[in-house]
Amino acid sequence: MELSGKVAVVTGGACGIGQALCRRFAHEAAAVVVVSDVDEERGLETAADIGGIFVRCDVSNENDIQSLTQRVLDQFGRIDLFVSNAGITAPGGVEVPDDRWQQLWQVNLMAHVYAARAVVPGMLEQGSGWLLQVSSAAGLLTEIGSAAYTVTKHAAVALAEWLSIRYRRQGIGVSCLCPAGVSTDFLNLEDPVHQFLHCSSVTPEHVAECVIAGLKEERFLIITHEQVEEFFRYRTEDYDRWLHNFSRIQEKLERAKDRQSSAVTQEPPL
């Protein structure tokens with residue numbers, strides 16, 4: 001999959017990984033890069049910087065994704081690469097309220113479903129196309145600090161697998177991007193889990209380089225951290241031991257969190 005001369009659409013393209021992908025695609029001489037986001041100000045700035053166009057889209061709303069797709073098809077006649085990148089998180093376990101779980105389902109999973117519904121028919125008609133589904137290392141392993149994020153990212157990986165199996169012999173390629181910690185606003189450095197991820201974090205530009213390499217090699221799984229690949233392989237070799245080791249990490253993070261709370265409560269008054 002070469003970007004030169006292609007029409008690429010990136011959701012969540014106004015900042016972070018999405019913005020880095022937009023910039024890298026433009027550098028690869030894509031015919032046009034469509035920056036899509038709910039953040040109009042930053043989205044317009046990104047599009048102007050790379051000579052692309054901006055289309056506002058709330059990916060949790062299927063009508064918005066249909067409108068985005070139709071606008072691109074009307075203006076450029078095709079979509080060669082659709083990147084489902086937008087994502088959100090919520091700290092906590094199963095106690096997280098239903099409405100928050102539903103928000104994560106809509107953005108982290110159903111947005112990928114909506115995108116496939118919108119773009120696959122056109123890709124089948126033109127006989128080619130590529131879907132880049134942005135999941136997370138949490139979709140291959142787990143994210144100890146967020147049950148909803150982990151579950152929805154696992155679901156995103158499963159959907160990407162299904163799409164790859166279903167359409168690869170019909171000219172449509174699928175890649176699934178699974179980064180661990182990335183130095184963006186997504187990392188909350190007050191959270192012990194995110195502090196742990198920050199220790200091995202990479203830049204959004206590094207992620208974009210990995211994506212370009214993965215697309216050129218037409219790989220399904222694009223991993224940005226060597227340790228994620230190692231942990232993923234280990235998981236398949238000894239599942240129970242892998243679970244046990246991750247529970248130890250959970251225990252260490254809980255102790256770190258308790259120390260932080262204790263330090264705050266013991267601070268003398270001003």
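Below is a short write-up of the structure. (Residues numbered from 1 in each chain as written. Predicted model: local features only at pLDDT ≥ 70, side-chain atom pairs only at ≥ 80, totals over all residues. Heavy atoms only, no water.)

1. What to know about the overall build of the protein
The number of helices and strands found in the protein is nine helices and seven strands. Residues counted as buried form 47% of the 270 residues belonging to the protein. The contacts in the protein between residues at least 6 apart in sequence include a share of 66% that link residues at least 24 apart. Surface accessibility of the protein: about 13,500 Å² in total, with carbon and sulfur atoms responsible for 51%. (Helix = DSSP H or I, 4+ residues; strand = E, 2+ residues; numbered from the N terminus. Buried < 20%, exposed > 50% of the residue type's maximum accessible area, 1.4 Å probe, protein only. Contact = heavy atoms within 4.5 Å. Areas by Shrake-Rupley, 256 points an atom, 1.4 Å probe, with all protein chains shown as cover.)

2. Things to note about helix H4 (residues 98-126)
Three- or four-residue spacings in an α-helix give side chains the same orientation, since the helix completes a turn every 3.6 residues. Across its 29 residues, H4 extends 40 Å between first and last C-alpha, which sits within 8% of the 42 Å expected from 1.5 Å per residue. At Met110, H4 shows its largest bend, some 45°. Two residues or fewer after H4 comes Gly127, characterised by a positive phi angle close to 80°. (Expected span 1.5 Å × (residues − 1). Bend = angle between axes of the 7 residues up to and from the residue.)

3. Let's talk about the sheet that holds strand E4 (residues 81-84)
The strand order E3-E2-E1-E4-E5-E6-E7 describes an open sheet built from seven strands, whose pairing is parallel. In the strand order of this sheet, the two ends are held by strand E3 (53-56) and strand E7 (221-222), each with one partner. (Pairing = 2+ DSSP bridges.)

4. Topic: helix H5 (residues 147-167)
In this model, H5 (21 residues) spans 30 Å end to end at C-alpha, consistent with the 30 Å of a helix rising 1.5 Å per residue. In this structure Ser146 caps H5, since a side-chain oxygen of it lies 3.1 Å from the backbone nitrogen of Tyr149. (Polar contact = N/O pair within 3.5 Å; in protein donor to acceptor, adjacent residues only side chain to side chain.)

5. Things to note about the side chain of Thr46
Looking at the secondary structure, you find Thr46 in helix H2 (residues 40-50). A relative accessible area of 0% places Thr46 in the buried class.

6. Considering the packing of aromatic side chains
Counting across every chain of the model gives two aromatic pairs. On the basis of an interplanar angle of 80° and a centroid distance of 6.2 Å, the ring pair of Trp162 and Tyr167 is categorised as edge-to-face. (Phe/Tyr/Trp six-rings, centres within 6.5 Å; stacked < 30°, edge-to-face > 60°.)

7. Details of the pattern of salt bridges
Tallied over the full model, the rule gives nine salt bridges. The partner of Asp49 in a salt bridge is Arg23, and the shortest N-O contact between them spans 3.5 Å. Pair noted here: Asp49 is in helix H2 and Arg23 is in helix H1 (residues 16-27), with a separation of 26 residues, a long-range link. The class of Arg23 is partly exposed, set by a relative accessible area of 34%. Residue Arg24 pairs with Glu28 through a salt bridge whose shortest N-O separation is 2.5 Å. Judged by its relative accessible area of 14%, Glu28 is buried. One continuous salt-bridge network, built from bridges that share partners, spans Arg24, Glu28, Glu209 and Lys216. (Salt bridge = Lys/Arg side-chain N within 4 Å of Asp/Glu carboxyl O.)

8. Looking at the nonpolar core
Core analysis: the biggest nonpolar cluster contains 43 residues, and Ile65, Leu68, Phe82 and Leu131 have the highest contact counts within it. Of all elements in the fold, only strand E1 (7-11), strand E2 (32-37), E3, helix H3 (62-76), H4, H5, strand E6 (172-177) and helix H9 (239-265) reach the threshold of two or more residues within this core. For this core, the element with the highest residue contribution is H4, accounting for 11 residues. The residues contacting Leu68, other than those within four sequence positions of it, are Val9, Thr11, Val34, Ser36, Val55, Cys57 and Phe82. Counting residues in each nonpolar core, the second largest holds 30 residues, with Val33, Ala47, Val207 and Ile222 among its members. (Core = buried A, V, L, I, M, F, W, Y, C linked by side-chain atoms within 4.5 Å.)

9. Observations regarding the side chain of Thr224
Following the sequence through the fold, Thr224 ends up in the loop between E7 and helix H8 (226-237). Since its relative accessible area comes to 8%, Thr224 is described here as buried. Within the structure, Thr224 has its side chain in polar contact with the side chain of His225 (distance 2.7 Å). If near-sequence neighbours (up to four positions away) are discounted, Thr224 is found in contact with Leu177, Cys178, Pro179, Ala180, Val202, His206, Val207 and Cys210.

10. Considering the pairing of E3
In the sheet, E2 pairs with E3 via four bridges, with the strands oriented parallel. Across the sheet, Ser36 pairs through a bridge with Val55, a residue of E3.

11. Examining unusual backbone geometry
The phi dihedral of Ala29 falls on the positive side, at around 70°, and the residue is not glycine. In this fold, Ala29 is placed in the loop between H1 and E2. Among the residues examined, Ala29 registers a relative accessible area of 40% and is labelled partly exposed. Phi at Glu218 is positive, roughly 55°, even though this residue is not glycine. With respect to the helices and strands, the residue Glu218 is situated in the loop between helix H7 (204-216) and E7.

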